[in-house]
Amino acid sequence: MTAPTLGKDLLGLEYLSADQIRLILDTAEPFKEVSERPIKKTPALRGKTIVNLFFEASTRTRISFEFAEKRLSADTVNVASVGSSVSKGETLVDTARNLEAMRIDMVVIRHPSSGSADFLAQRIRSNVVNAGDGTHEHPTQGLLDLLTLRDRFGRIEGLKVAICGDVLHSRVARSNIWGLRKLGAEVAVCGPSSLVPRDIETLGVTMFTRIEDAIAWADALNVLRLQLERMTAGFIPSLREYNRVFGITRDRLAHCRKELVVMHPGPINRGVEIDSDVADGPHSIILPQVTNGVAVRMAVLYLLAGGVPDWQQQGGSE
Amino acid sequence: MTRPILIRGGRVIDPSRNGDGIADVYLQEGRVAAVGTNITGEDGARVIDATGKVVAPGLIDLHVHLREPGQEDLETVATGAMAAAAGGFTAVCAMPNTDPVLDNQGAIGFVISQAQKAAKARVYPIGTISLGQKGEQLAEMGELVGAGAVAVSDDGKPVMSSHMMRTALEYSKTFGIPVADHCEDMSLARGGAMHEGIVSTRLGLKGIPAAAEEIMVARDIILAELTGGHVHLCHMSTRGSVSLIRRAKDMGLRVTAEATPHHFTLTHEACEGYNTNAKMNPPLRENPDREAIRQGIKDGTIDVIATDHAPHHYDAKEREFDDAPNGILGLETAFGLAMTELVEAGLISLPELIFRMSTHPARIFNLPGGTLMVNAPADVVILDPAARWTVDPATFYSKSRNTPFTGRALTGRADLTIVRGRVVYDRAGG
Amino acid sequence: MPSRSTLLDDRAIARALTRMASELVERCHGTSDLVLVGIQRRGVELAQRLARMIEGLEGRAIPTGKLDITLYRDDLQAIGPRPVIGETHLPVDLDGRTVVIVDDVLYTGRTIRAALDELADFGRPRLILLCVLIDRGGRELPIQPDIVGLRQATRPDERIDVQVKELDGKDHVELVRA
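None of the values given here were measured: they were computed from a predicted structure. (Residues numbered from 1 in each chain as written. Chains lettered and ligands numbered in written order. Predicted model: local features only at pLDDT ≥ 70, side-chain atom pairs only at ≥ 80, totals over all residues.)

A. Quick look at the overall build of chain C. A tally of helices and strands in chain C yields 4 helices and 8 strands. For chain C, the α and β elements follow one another from N to C terminus as β-α-β-α-β-β-α-β-β-β-α-β. Relative to the compact-globule value of 16 Å for 178 residues, chain C shows a C-alpha radius of gyration of 16 Å, a close match. Each of the three principal axes of chain C carries a C-alpha extent, and together these read 50 × 40 × 30 Å. Buried residues in chain C amount to 40% of all 178 residues. Long-range pairs, those at least 24 residues apart, make up 70% of the contacts in chain C with a sequence separation of at least 6. (Helix = DSSP H or I, 4+ residues; strand = E, 2+ residues; numbered from the N terminus. Rg over C-alpha atoms; globule rule 2.2 N^0.38 Å. Buried ≥ 20, exposed ≤ 12 C-beta atoms within 10 Å, placed from the backbone. Contact = placed C-beta atoms within 7 Å.)

B. Fine view of the overall build of chain A. When helices and strands are tallied, chain A shows 13 helices and 9 strands. For chain A, the C-alpha radius of gyration of 20 Å lies close to 20 Å, the compact-globule estimate for 318 residues. Projected onto its principal axes, the C-alpha coordinates of chain A cover approximately 60 × 55 × 40 Å. Intrachain contacts of chain A at a sequence separation of at least 6 include 74% that bridge at least 24 residues.

C. Up close: the domain arrangement of chain A. Residues and elements named next belong to chain A. Domain annotation of chain A identifies domain 1 (13-138 + 291-304) and domain 2 (140-290). Each partner contributes residues to the interface: domain 1 has 22 residues there, and domain 2 has 25 residues. Elements represented by at least two residues in the side of domain 1 that touches domain 2 include exactly α1 (18-34), β4 (127-133) and α13 (286-304). At 6 residues, α13 tops the list of elements feeding residues into the side of domain 1 that touches domain 2. Residues that form the side of domain 1 that touches domain 2 fall into these classes: 9 nonpolar, 8 polar and 5 charged. (Domains from an automatic or database assignment. Nonpolar A, V, L, I, M, F, W, Y, C, P; charged D, E, K, R; others polar.)

D. Geometry of the arrangement of the chains. Considering every one of the 2 pairs of chains in contact, the largest contact total is recorded for chains A and C. One finds no contact between chain B and chain C; the C-alpha atoms of the two approach each other to within 26 Å at their closest.

E. The arrangement of the interface of chain B and chain A in detail. Counting residues at the interface gives 14 residues for chain B and 22 residues for chain A. Here the residues of the side of chain B that touches chain A are counted per class, giving 5 nonpolar, 3 polar and 6 charged.

F. Structural detail: the packing of helix α12 (residues 334-343) of chain B against helix α13 (residues 350-364) of chain B. All names here are of chain B. Relative orientation of the contacting elements α12 and α13 amounts to 135 degrees, with a least axis distance of 11 Å. With respect to each other, α12 and α13 are oriented oblique. Judged by the sense of rotation from one axis to the other, the crossing of α12 with α13 is right-handed. Residues Ala338, Leu342 and Val343 of α12 form the contact with α13, whose own contacting residues are Leu350, Leu353 and Met357. For the contact of α12 with α13, the class distribution of residues is 6 nonpolar, no polar and no charged. (Axes fitted to C-alpha atoms, helices over the stretch in contact; angles between N-to-C directions. Parallel < 35°, antiparallel > 145°, perpendicular 65-115°, else oblique. Left-handed = near helix turned anticlockwise from the far one by under 90°.)

G. Geometry of the sheet that holds strand β5 (residues 127-135) of chain C. Residues and elements named next belong to chain C. Within the open sheet, the 5 strands sit side by side as β3-β2-β4-β5-β6. Their pairing is parallel. Among the strands making up the open sheet, the edge pair consists of β3 (64-67) and β6 (147-151). The mean inter-strand angle of the sheet, taken between neighbouring strand axes irrespective of direction, is 25 degrees. The pairing of strand β2 (residues 34-39) with β3 spans 4 bridges and is classified as parallel. In the strand pairing of β3, isoleucine 39 is matched with leucine 67. Its contacts with the sheet put helix α1 (residues 10-27) on β4 (98-106), β5 and β6, and the angle it makes with β6 is roughly 150 degrees. Contacting β2, β3, β4 and β5, helix α3 (residues 110-120) crosses the sheet at an angle of about 155 degrees to β4. (Pairing = 2+ DSSP bridges.)

H. Here's a closer look at helix α1 (residues 77-86) of chain B. Residue and element names in this part refer to chain B. For α1, a buried count of 10 out of 10 residues is recorded, marking the element as mostly surrounded by other parts of the structure. Three or more residues of α1 are buried, namely Val77, Ala78, Thr79, Gly80, Ala81, Met82, Ala83, Ala84, Ala85 and Ala86. If you follow the buried residues of α1, they end up packed against β6 (59-64), β7 (89-94), α2 (105-118), β8 (122-125), β17 (409-419) and β18 (422-426). Directly beyond the C-terminal end of α1, a positive phi value near 95 degrees is found at glycine 88.

I. Layout of the sheet that holds strand β7 (residues 205-208) of chain A. Residues and elements named next belong to chain A. Strand order in the open sheet formed by 5 strands is β7-β6-β5-β8-β9, and the pairing between neighbours is parallel. Both edges of this open sheet fall to β7 and β9 (261-263), since each of them pairs with a single strand only. Adjacent strand axes in the sheet meet at a mean angle of 25 degrees when their direction is disregarded.

J. Fine view of the environment of leucine 16 of chain A. All names here are of chain A. With respect to the element layout, leucine 16 can be found in the segment before α1. For leucine 16, a count of 23 C-beta atoms within 10 Å corresponds to the buried category. Put simply, leucine 16 and arginine 225 are 209 residues apart on the chain and 25 Å apart in space, counted from C-alpha to C-alpha.

K. The arrangement of the confidence of the model for chain C in detail. Mean pLDDT over chain C: 92, with 98% of residues reaching 70 or higher. In the predicted complex, the global pTM is 0.86; the interface-specific ipTM is 0.83. (pLDDT = per-residue confidence, 0-100.)

L. View of the packing of α1 of chain B against α2 of chain B. All names here are of chain B. One way to put it is that α1 packs onto α2 with a least axis distance of 9 Å and a crossing angle of 55 degrees. As the angle between them shows, α1 and α2 are arranged oblique. Read as a crossing pair, α1 and α2 show a hand that is right-handed. Contacts between α1 and α2 involve Val77, Ala78 and Ala81 from the former and Val111, Gln114, Ala115 and Ala118 from the latter.

M. The arrangement of the environment of arginine 257 of chain A in detail. Residues and elements named next belong to chain A. Following the sequence through the fold, arginine 257 ends up in the loop between α11 (250-253) and β9. Classification of arginine 257 by C-beta neighbours within 10 Å gives exposed; the count is 12. C-alpha of arginine 257 to C-alpha of leucine 287: the two residues are 30 residues apart in sequence and 21 Å apart in space.

N. Region of the structure containing the confidence of the model for chain A. All names here are of chain A. On average, residues of chain A score 89 in pLDDT, and 92% of them reach the 70 mark or higher. Put simply, helix α3 (residues 85-88) is where chain A has its lowest mean pLDDT, 52, and helix α6 (residues 139-153) is where it has its highest, 98. For residues 307-318, every residue scores under 50 in pLDDT, and the model assigns this stretch 28 contacts once sequence neighbours within four places are set aside.

O. Focus on the environment of arginine 60 of chain A. Residue and element names in this part refer to chain A. Among the secondary structure elements, arginine 60 is positioned in helix α2 (residues 60-71). It is 8.3 Å that separates the C-alpha atoms of arginine 60 and glycine 266, two residues lying 206 residues apart in sequence. Look past the residues within four positions of arginine 60 in its chain and what remains in contact with it is Gly266 and Pro267.

In structure tokens:
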């Protein structure tokens, strides 16, 4: 059986097979160890040029990718530009062509338009990693969530994971749904109905209207960030009401199973979707998520840089 | 003086007189002079052999965007009129959302004069409902009609104010013209990029719910009842809209409706892979909606097929889905799509199709044409309903190329188009 | 049809390892700061056996580590889809120690070059020695073993297959000609 490979780009977990997802998670394991060494570097991507193209403000994801790139000895360039390419004056097509003309090896892109990573990948030969496109997917976040759950529970299959919050606008939710379902987990969503997309059940997901029911059911809660803009756009009346009805508070977790874990993609809105004492408490595995983030991103970059499929099994040493 | 034309031996379909049989058609001095068997024309008449072909009144498209004035790089009145002729259309109605918009007699006159210079398909301008299409103040309808407008519309945008729509409908009765509405509740549509459904959920794109159209359809129907004016509903796309229109017609209200070929051919699945050539407004909907549109065409709930021909530069469509403009070309694929998807599929007959694309459009907008009665204008199309061809935008007469149908195999196309007794398009060699 | 001939059977391997273990202790003048590092794969199992043998001889436990050199290979771009990266684990700080790299077959020397680069990222040993079961010649870099089980000259179209009980169910070394 031929070993799975990743193809040219990582655009979304919807496009990956279960084997490919497992390949990435398995490859992330040795990279965790690299981050524990005194010299956190391996020469694996030495001489490769990687551009971090961030059209949306993001500190933590960009830094995580930068560490991953530097720990693989790649040369990195950050291009930050807030706002869509239209307001910027240069179209995404032109940006793509310019990058290709400069012989960039890999592009990590975050952009406010869904489908923009796909768009870029179709037009340049460099590897493209989707670091979040609009409300479509954030595959490396989905992968690090899977890795963190696997670390904690030893498996994904059969796990019950409830994604809580603004699912409608969340690319993290979508990537999580794809990844978890492909690896055999049971997935539920829970949030105000105005923030859950139509037809979500068609993706194989159950819906809870009450957060208490989700907590009673789940092995793990993945708590999504609720953005202030949702309130001003009229989806929910206020952040205060959201916290009262849907917030993950210590009281709500008072009678839950001891093994229940709480995750969050960050940054946390303390006191809105999650209370501080939960985020910092015994159920939280938020910090391990961050650590795994760098390892997963190293694994992705390493696998994508791998070249043409001409697989030869590694035999005796040389 | 144009040479008379004798079209011989074709199957002459004239829905205006329920005519369908092999006959000759004789055109003289810009009019239909005779339809019958064994007509001998004058010496010097051009004889066209239409054996095996269909001879029909020229197709009429009530809804196109010709982009002139203002965006002549996308299309001009001349190129649009040529594209129309190549599609078998002898007349089109040009929407006023140009730049500047057609809200005054000067602009209307300009479009008419450009069309006359081009001398291809006829172009009837549609004026705006409101000044600048801003939805605030009525445009001078009388002036627009006097200059040649055949209807008014703020198409591109809806008339959000019910008061304005009511007033426009009341006022239009003075001039006997239809008020054509682009039915979209902007607060529900909210800048969505495609139909709100499972595909938009998967692609992470903001969706426009069917309700956004249906709410305005219902409103316009109620205003038609209130005012007695003629409301024409542009590019219908949902099964809910079709139901509402059916009830309105059962009640005898003056409501007419159009649907585009893409809405009876494609669904929102065409947006997969973020294909911007499947992005239009109203968006492609679900399978049951497409079925309802087809049924509506069959039972007459949808009065006419109109293309909403919307040229865009390839550059503009080469962007992220959210930022790409709405719309696709329609003139040069309309008949082929209708023939393949509706007639070949057994839903309606060819005479019924000609009715929906020629006779009835002329009737509801009060335009000349749509008939081969003696003395009718010599606007005729010779169609090859069996021709098999593949869509290749490189061969289009339109200036633009934005179509999702590239490479699609279709049956049926126009061979020859005659306007005012002159051949304006001949597939066999210009 | 490839032809195979046995170079070492299980008894021969055991004898060789026994001799190598004593040679090691002799070369290192004892075991006080010794650490064995096995190269993934099979070098790891050999290192563990050598450690146990030395423990038997000298009466003290020898720290043993594992090193996977995939990320340090000089042909990373050329080999196509990524090989699986094995575990790297060094149980002690390497500064000032005597490190013995253990591998099953020494050929071009590139694996050892990669291992030396990787070890340098972990610390600064006082002394590094190389111990291999088979030296098949064909060096492309100036790297030589300090302790060898068997020297066997080979041609480029030949292959040495090493099997160890822990992974392959038996101990066996054979020469394969294409």
